[in-house]
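Report on the structure
The chain contents come next:
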Amino acid sequence: MKVAIFGQYYQNDTRPIIKDIFVFFNRNNVEMVIEEHFLKILYEEQIIEKKYKTFSSYSDLDQSFDILVSIGGDGTILRAATYVRNSGIPIVGINAGRLGFLAKVQKENIDSFLQIVINKEYTLSERTLLNLDCNPSINELHHLNFAMNEVTVSRKDTTSMITIETSLNDEYLNSYWADGLIISTPTGSTGYSLSCGGPVLTPDVKSLVITPIAPHNLNARPLVIPDNTEIKLKVSGREENYLVSLDSRIISISNNTILTIKKSDFKINMVEIPNETFLKTLRNKLLWGEDKRN
């Protein structure tokens, strides 16, 4: 078995997690290829000493890889997706972060869950991505114009609201006066969109969510739309530029640029471990059922 290993950052409490993962895979003769920057950190922190092969780009990950192991939180998985892209390589998340809707493997059960992984006793959950195009085009988007959680537009360098003219399949929907607007996938519905009052969608729902951020019009509510909808946005405001984020990647864009958002033509495969379903995660993370009356 051949696995890619990616970690976004290092914290003291991840040391035993990382050691357990490497010990388990070495004991089971699993070939490991480590993301270049992450491996450098592991050497500097003297967590490992053995030499490993590395990858530094999505082009280094081919069909010879069985899986990518992401060590961290949900943000780490979002960055891991930029390496996997359309290769189809499944991602499994080891939760070394805090909340973690995507990183489901908990540090207390690493060995048992990784045994399931190498036995291939898991299922795959296909996750929809969003694609972003701009008119006029933006250089920063040429090679990395997709998002797994959400595409967000928001104000920049001002406390004033922006106006986001929004159309669905070329039909005018609304002009939102707000701090910003979130276009979320089902995967991202438990993230930024949820904190702004958006609904929770199960991962297999073929829908997207449009969620305004602090709208001036209080009757501007989140809207669920089919995921084959083409969304066009045109932003204007007092400042010349505004911010667009694709998950955690942020770029500055000039007013009146036309943004076109639609479902990507590929999906990300997330590993689903038995007994660690989305609904169980939802109950645990959002503390559903903790009311004493239950």
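Heads up: the structure comes first, above all this text.
Residues numbered from 1 in each chain as written. Predicted model: local features only at pLDDT ≥ 70, side-chain atom pairs only at ≥ 80, totals over all residues. Heavy atoms only, no water.

Turning next to empty space enclosed by the protein. Inspection of every chain in the model, using the stated rule, returns four cavities of 30 Å³ or more. Space inside the largest cavity adds up to approximately 60 Å³. Forming the walls of the largest cavity are Phe101, Leu102, Lys104, Arg127, Pro186, Thr187, Thr190, Pro203 and Phe278. Among the residues making up the lining of the largest cavity, the classes are represented as five nonpolar, two polar and two charged. (1 Å grid on protein atoms, 1.4 Å probe; cavity = no way out; pocket = protein on both sides within 12 Å on 5 of 7 lines; lining within 4 Å. Points joined across faces, edges and corners; volume = space filled by probe spheres on them. Nonpolar A, V, L, I, M, F, W, Y, C, P; charged D, E, K, R; others polar.)

Take the pattern of salt bridges next. One pass over the full model with this rule turns up nine salt bridges. Two residues, Asp227 and Lys263, come together in a salt bridge whose shortest N-O distance is 3.5 Å. A residue pair is termed long-range when its members are at least 10 positions apart, and Asp227 in the loop between strand S15 (223–226) and strand S16 (231–236) and Lys263 in strand S19 (residues 258–263) qualify at 36 residues. Residue classification places Asp227 among the buried residues on the basis of a relative accessible area of 6%. Residue Lys263 is classed as partly exposed on the basis of its relative accessible area, which comes to 33%. (Salt bridge = Lys/Arg side-chain N within 4 Å of Asp/Glu carboxyl O. Helix = DSSP H or I, 4+ residues; strand = E, 2+ residues; numbered from the N terminus. Buried < 20%, exposed > 50% of the residue type's maximum accessible area, 1.4 Å probe, protein only.)

Glancing now at the packing of aromatic side chains. Inspection of the entire model under this criterion finds five aromatic pairs. Between the aromatic rings of Phe24 and Phe25, the centroid separation amounts to 5.9 Å while the plane-to-plane angle is 65°, which identifies the pairing as edge-to-face. The class for Phe24 is buried, based on a relative accessible area of 2%. What makes Phe25 buried here is its relative accessible area of 0%. Look at Phe55 and Tyr83: their rings are 5.4 Å apart centre to centre, the planes differ by 85°, and that puts the pair in the edge-to-face class. Of this pair, Phe55 sits in strand S3 (residues 53–55) while Tyr83 sits in helix H3 (residues 74–84), placing them 28 residues apart in sequence. Across the pair, Tyr83 and Phe55 agree in class, each one buried. In textbook terms, an aromatic cluster arises when at least three aromatic residues are bridged by ring pairs, as seen for Phe6, Phe55 and Tyr83. (Phe/Tyr/Trp six-rings, centres within 6.5 Å; stacked < 30°, edge-to-face > 60°.)

Listed in full, the buried residues belonging to helix H6 (residues 278–285) are Phe278, Thr281 and Leu282. All buried residues of H6 lie within an arc of 100° about the axis, which places them on one face of the element. Against the buried residues of H6 lie strand S20 (268–272). Backbone geometry just downstream of H6 places Leu287 in the positive-phi region, at approximately 60°. (Arc of directions from axis to C-beta. Contact = heavy atoms within 4.5 Å.)

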